[in-house]
Amino acid sequence: MKAIILHNMGGARSEKELKEFLYNMFKDKRIINSPIRHILAPLISNIRYKKVWKNYETIGGSRLHKVTESLCEKMKNEKYDVIYAMRYTAPYLKDSIHKYDEIIFIPMYPHYSFTTVESALDDLKNTNFKGKVKIVKPFYQNEEFNEILKENILNSVENPSEWNLIFSAHGLPKKIIESGDSYEEEVKKHVEILKEKLPQFKSVSLAFQSRFGRGEWLQPYLDEKLKEFKNEKVLIYPISFMIDNSETDLELKVEYKHLADEIGIKEYKVVECPNDSEKVAQFLLKLAEEA
Ligand SMILES: C=CC1=C(C)c2cc3[nH]c(cc4nc(cc5[nH]c(cc1n2)c(C)c5CCC(=O)O)C(CCC(=O)O)=C4C)c(C)c3C=C
Ligand SMILES: [Fe+2]
Ligand SMILES: [Fe+2]
């Protein structure tokens, strides 16, 4: 039996699941590169989940699972089972992969990073799966994908010439980039590709969201970038994600929106991720076939 497996980070639908997510994430050597992460993981997750869950509750938890499930449903076909697995919350890869003889593995990230794609590949290796494996590579340069993004972005506003488009990428500690992670380079190339496809906008820029902890992260930070747009209209596109999750629904649409209001931004809007659209389903099937 063959399967296409969509692999993502995981999302928190309950307080318990948020604790599990945080614990697993901080235990991951790709996220915390410290020999004492086994001590840090329970400490940080225990302190953080209670504080953060209150905010998750305002959006009814993460919709990452639900939308991914719907995407799998749309990708269903006679040749393959289409299922999903998550890195830090159930359903875990080790619990489904051994049913199959052959899998096509799709890390659901447009750009490479040690913290995302490489961590997903660690998850795959850790299953000790002995069947045939094909892996879909990061696809930010794919023309069909970028046409989907372009259409998505243009459909979000009526007069793009009045709007400043900000591509918001998930941040990463500078230290990780300095250790050889190509994420920043790929994100910048991706923005250049999309900028050329979207000359209609008043301006196009890149910023990084959700800095965490101390230390320097990729810059410019989104909160600083927003300050440039007092009395202007700002459209945000979350460029690191395929599917909406707490980073888009909570961080961008609630927390950064609040900041935008404080700054005096005239209008602030966040574009939906590609999610479970028919076009994305067809695009991912094609990537799987070509892998
Ligand atoms: C501690 C460092 C973190 C790094 C590095 C990081 C990279 C990174 N994350 C995503 C995508 C997602 N992250 C999500 C949640 C989330 N991420 C971190 C921390 C780091 N992420 C935390 C602590 C959390 C939990 C929320 C919080 O406590 O603030 C999610 C959302 C899950 C959900 O519930 O919907 C996604 C998706 C990418 C793409 C990335 C690097 C490129
Ligand atoms: Fe994250
Ligand atoms: Fe984040």
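Residues numbered from 1 in each chain as written. Chains lettered and ligands numbered in written order. Predicted model: local features only at pLDDT ≥ 70, side-chain atom pairs only at ≥ 80, totals over all residues. Heavy atoms only, no water.

The name an unreviewed UniProt entry gives the protein chain is Ferrochelatase, with Caminibacter pacificus as the organism. Per UniProt, the protein chain carries the Function (unreviewed entry) text "Catalyzes the ferrous insertion into protoporphyrin IX." The Subcellular location (unreviewed entry) comment attached to the protein chain in UniProt states, word for word, "Cytoplasm". (UniProt positions renumbered as here; feature names shortened; annotations may be inferred.)

Novice: Help me understand the environment of Ser203 in this model?
Specialist: By the secondary structure assignment, Ser203 is in strand 6 (residues 203-209). Overall, the relative accessible area of 22% leaves Ser203 in the partly exposed class. Spatially, the C-alpha atom of Ser203 lies 17 Å from that of Lys189, the residues being 14 residues apart in sequence. Excluding its chain neighbours within four sequence positions, the residues that come into contact with Ser203 are Trp163, Asn164, Leu165 and Phe229. Side chain to side chain, Ser203 and Asn164 meet in a polar contact 2.7 Å long. (Helix = DSSP H or I, 4+ residues; strand = E, 2+ residues; numbered from the N terminus. Buried < 20%, exposed > 50% of the residue type's maximum accessible area, 1.4 Å probe, protein only. Contact = heavy atoms within 4.5 Å. Polar contact = N/O pair within 3.5 Å; in protein donor to acceptor, adjacent residues only side chain to side chain.)

Novice: Even after reading the chapter, I still don't get the layout of surface pockets, so can you show me in this structure?
Specialist: Gaps left between atoms are located by rolling a probe of water-molecule size over the structure's atoms. Roughly 310 Å³ of internal volume is contained in the second largest pocket. Contributing to the lining of the second largest pocket are Asn24, Lys27, Asp28, Lys29, Arg87, Tyr88, Tyr92, Lys94, Asp122, Asp123, Asn126 and Thr127. At the level of elements, helix 1 (15-27) and helix 4 (114-126) are the ones that each hand at least two residues to the lining of the second largest pocket. If you tally residues by element for the lining of the second largest pocket, the top one is helix 4, at three residues. Here the residues of the lining of the second largest pocket sort into two nonpolar, three polar and seven charged. (1 Å grid on protein atoms, 1.4 Å probe; cavity = no way out; pocket = protein on both sides within 12 Å on 5 of 7 lines; lining within 4 Å. Points joined across faces, edges and corners; volume = space filled by probe spheres on them. Nonpolar A, V, L, I, M, F, W, Y, C, P; charged D, E, K, R; others polar.)

Novice: I'm lost on the nonpolar core in this one. Help?
Specialist: A general trend in soluble globular proteins is that nonpolar side chains are found buried together. Among the nonpolar cores identified, the biggest contains 51 residues, and Ile4 and Phe167 are the most heavily contacted of them. Take this core: its biggest share by element is seven residues, from helix 10 (residues 278-290). In this structure, this core is formed jointly by two domains, domain 1 (2-138 + 277-290) and domain 2 (143-270), each of which donates at least three residues. Not counting chain neighbours up to four residues away, the residues in contact with Phe167 comprise Ile153, Val191, Leu194, Leu198, Val204, Ser205, Leu206, Ala207, Tyr237 and Ile239. Of all hydrophobic cores here, the second largest spans 31 residues; its members include Ala12, Leu18, Ile103 and Tyr109. (Core = buried A, V, L, I, M, F, W, Y, C linked by side-chain atoms within 4.5 Å. Domains from an automatic or database assignment.)

Novice: Explain the coordination of the iron ion (ligand 3) to me, please; I cannot follow it from the model alone.
Specialist: Around the iron ion (ligand 3), the protein contributes the donor atoms His170 (NE2), Ser210 (OG), Glu247 (OE) and Glu247 (OE), which lie 2.4 to 2.5 Å from the metal centre. In this structure, the iron ion (ligand 3) is coordinated by four donor atoms arranged in irregular fashion, with angles at the metal of 55 to 137°. Donor residues binding the iron ion (ligand 3) come from one chain and are separated in sequence as H-x39-S-x36-E. In this model, the iron ion (ligand 3) sits 3.7 Å from the iron ion (ligand 2). With a gap of 40 residues between them, His170 in strand 5 (residues 163-170) and Ser210 in the loop between strand 6 and helix 8 (222-226) connect regions that are remote in the sequence. By relative accessible area, His170 is classed as partly exposed at 22%. (Donors = N, O, S within 2.8 Å, 3.2 Å for Na, K, Ca; no water. Tetrahedral: all angles 85-135°; square planar, octahedral: opposite > 155°, others 65-115°.)

Novice: Just checking my understanding: could you explain the state of the cysteines for this structure?
Specialist: In a disulfide, the sulfur atoms of two cysteines are held together by a covalent bond. Enumeration according to the criterion identifies zero disulfides in this entry. Here Cys72 is not disulfide-linked; the sulfur of Cys273 is the nearest cysteine sulfur, at 16 Å. Residue Cys72 is classed as buried on the basis of its relative accessible area, which comes to 6%. The exposure class of Cys273 is buried, given its relative accessible area of 3%. (Disulfide = S-S within 2.5 Å.)

Novice: What is the right way to read the domain arrangement of the protein chain from this model?
Specialist: The figure often quoted for interface size is the accessible area lost as the parts come together. Under the domain assignment used here, the protein chain contains domain 1 (2-138 + 277-290) and domain 2 (143-270). Between the C-alpha centres of domain 1 and domain 2 there is a distance of 23 Å. Every contact between the two is made by 27 residues of domain 1 and, on the other side, 27 residues of domain 2. Both sides of the domain 1 and domain 2 interface together cover about 2400 Å² of buried area, and 67% of this is carbon and sulfur. The largest contributions to the domain 1 side of the interface with domain 2 come from Arg63, His111 and Phe283, which together make up 26% of the buried area. At the boundary of domain 1 and domain 2, one finds four salt bridges. Here domain 1 and domain 2 share nine residue pairs in polar contact (both at pLDDT 80 or more) between them. Of the residues belonging to the side of domain 1 that touches domain 2, the class tally is 15 nonpolar, seven polar and five charged. (Buried area = accessible area lost by both parts, 1.4 Å probe. Salt bridge = Lys/Arg side-chain N within 4 Å of Asp/Glu carboxyl O.)

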